[in-house]
Amino acid sequence: MPEFDFKRYHIRSMNAGSELERAEINQELKDLYSSLSEEDKEAFNIQLQKFLATEVGRIKSDYESVHGLNQPN
């Protein structure tokens, strides 16, 4: 089962200089997905879900820690 480096795409997208560049990066991911076998597509989806859950959790934690700075103890 291949390992997919979603973090690399995520960082490239965050640092994209324009919406066009971001769209090109998204298209790369779509093209990669299209080129996969059904078995690899399943692995891709599982790994993507795990990556997104981890990133959303991290962002939520970061937000709560920063947001909490403005709240009384």
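Each remark here, short or long, concerns the structure printed above.
Residues numbered from 1 in each chain as written. Predicted model: local features only at pLDDT ≥ 70, side-chain atom pairs only at ≥ 80, totals over all residues. Heavy atoms only, no water.

1. Re the overall build of the protein
Argument step 1. On a plain count of helices and strands, the protein comes out with 3 helices and 0 strands.
Argument step 2. In sequence order, the protein lays out its α and β elements as α-α-α.
Argument step 3. The burial tally for the protein puts 21% of its 73 residues in the buried class.
Argument step 4. For the protein, the share of sequence-separated contacts (at least 6 apart) that also reach a separation of at least 24 residues comes to 49%.
Argument step 5. Surface summary for the protein: the accessible area is close to 5,800 Å², and the carbon and sulfur share equals 55%. (Helix = DSSP H or I, 4+ residues; strand = E, 2+ residues; numbered from the N terminus. Buried < 20%, exposed > 50% of the residue type's maximum accessible area, 1.4 Å probe, protein only. Contact = heavy atoms within 4.5 Å. Areas by Shrake-Rupley, 256 points an atom, 1.4 Å probe, with all protein chains shown as cover.)

2. Topic: the layout of surface pockets
Argument step 1. The computed volume of the largest pocket comes to approximately 200 Å³.
Argument step 2. In this structure, the largest pocket is lined by 14 residues; those nearest its centre are Phe 6, Tyr 9, His 10, Phe 51 and Leu 52.
Argument step 3. Those elements that place two or more of their residues in the lining of the largest pocket are α1 (6–14), α2 (19–35) and α3 (38–67).
Argument step 4. At 6 residues, the largest contribution of residues to the lining of the largest pocket is made by α3.
Argument step 5. Classifying every residue of the lining of the largest pocket gives 9 nonpolar, 3 polar and 2 charged. (1 Å grid on protein atoms, 1.4 Å probe; cavity = no way out; pocket = protein on both sides within 12 Å on 5 of 7 lines; lining within 4 Å. Points joined across faces, edges and corners; volume = space filled by probe spheres on them. Nonpolar A, V, L, I, M, F, W, Y, C, P; charged D, E, K, R; others polar.)

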